[in-house]
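Chain residues, written in single-letter form:
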Amino acid sequence: GIPACAGCHGPAGAGLPAQYPRLAGQYAEYTATQLKTFRTHERANDPEKMMRVIAGKLSDAQISAVAEYAAGLR
Ligand code: HEC
């Protein structure tokens, strides 16, 4: 039930400026922190709650996994 990250952030996580930020190569720690703050709504600058809805469905383990994955993309 989670929309594919690549649908908005691009197949290789390159993003689509200026709406969809690049994820590829980003520090895993940074990505994980952003997902956790979207999840708690501490970060709420995403249009139409796009990221808050998605992050709300992710577990800590899923956040770590996806953050590690994105960090490895080039
Ligand atoms: C419906 C489109 C959409 C989907 C699907 C989506 N995102 Fe996003 N994401 C966005 C938008 C838009 C932003 C930028 C919000 C802002 O700061 O304006 C964003 C921001 C982010 C950020 C913060 C980036 C930064 O540099 O601060 C992360 C991390 C992120 N998304 C991860 C993910 C992951 C992981 C997935 C898959 C589980 C995902 N996104 C799926 C639209 C999407």
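S.K.: Could you clarify how one ought to interpret the pattern of salt bridges in this entry?
M.R.: A side chain of one charge can pair with a side chain of the opposite charge when the charged atoms of the two come close. Using the criterion set out here, one finds 2 salt bridges in the structure. Residues Asp60 and Arg39 are paired through a salt bridge, measuring 2.6 Å at the closest nitrogen-oxygen approach. With Asp60 in helix α4 (residues 60–72) and Arg39 in helix α2 (residues 28–39), this pair connects stretches of sequence that are 21 residues apart. Arg39 sits in the partly exposed class, given a relative accessible area of 28%.

S.K.: Sorry if this is basic, but what is going on with the side chain of Arg52 here?
M.R.: Following the sequence through the fold, Arg52 ends up in helix α3 (residues 50–55). Residue classification places Arg52 among the buried positions, given a relative accessible area of 13%.

S.K.: Please explain unusual backbone geometry as it appears in this structure.
M.R.: Only a minority of non-glycine residues have a phi that is not negative, and only a minority of peptide bonds are not trans. The step from Pro17 to Ala18 runs through a cis peptide bond, and the omega angle for that step is -5°. As for its placement among the helices and strands, Ala18 is situated in the loop between α1 (5–9) and α2. Phi at His41 takes a positive value of approximately 65°, unusual for a residue other than glycine. Counting through the fold element by element, His41 comes out in the loop between α2 and α3. Not every positive phi belongs to a glycine, and Glu48 is a case in point at roughly 50°.

Analysis parameters
- Residues numbered from 1 in each chain as written.
- Predicted model: local features only at pLDDT ≥ 70, side-chain atom pairs only at ≥ 80, totals over all residues.
- Heavy atoms only, no water.
- Salt bridge = Lys/Arg side-chain N within 4 Å of Asp/Glu carboxyl O.
- Helix = DSSP H or I, 4+ residues; strand = E, 2+ residues; numbered from the N terminus.
- Buried < 20%, exposed > 50% of the residue type's maximum accessible area, 1.4 Å probe, protein only.

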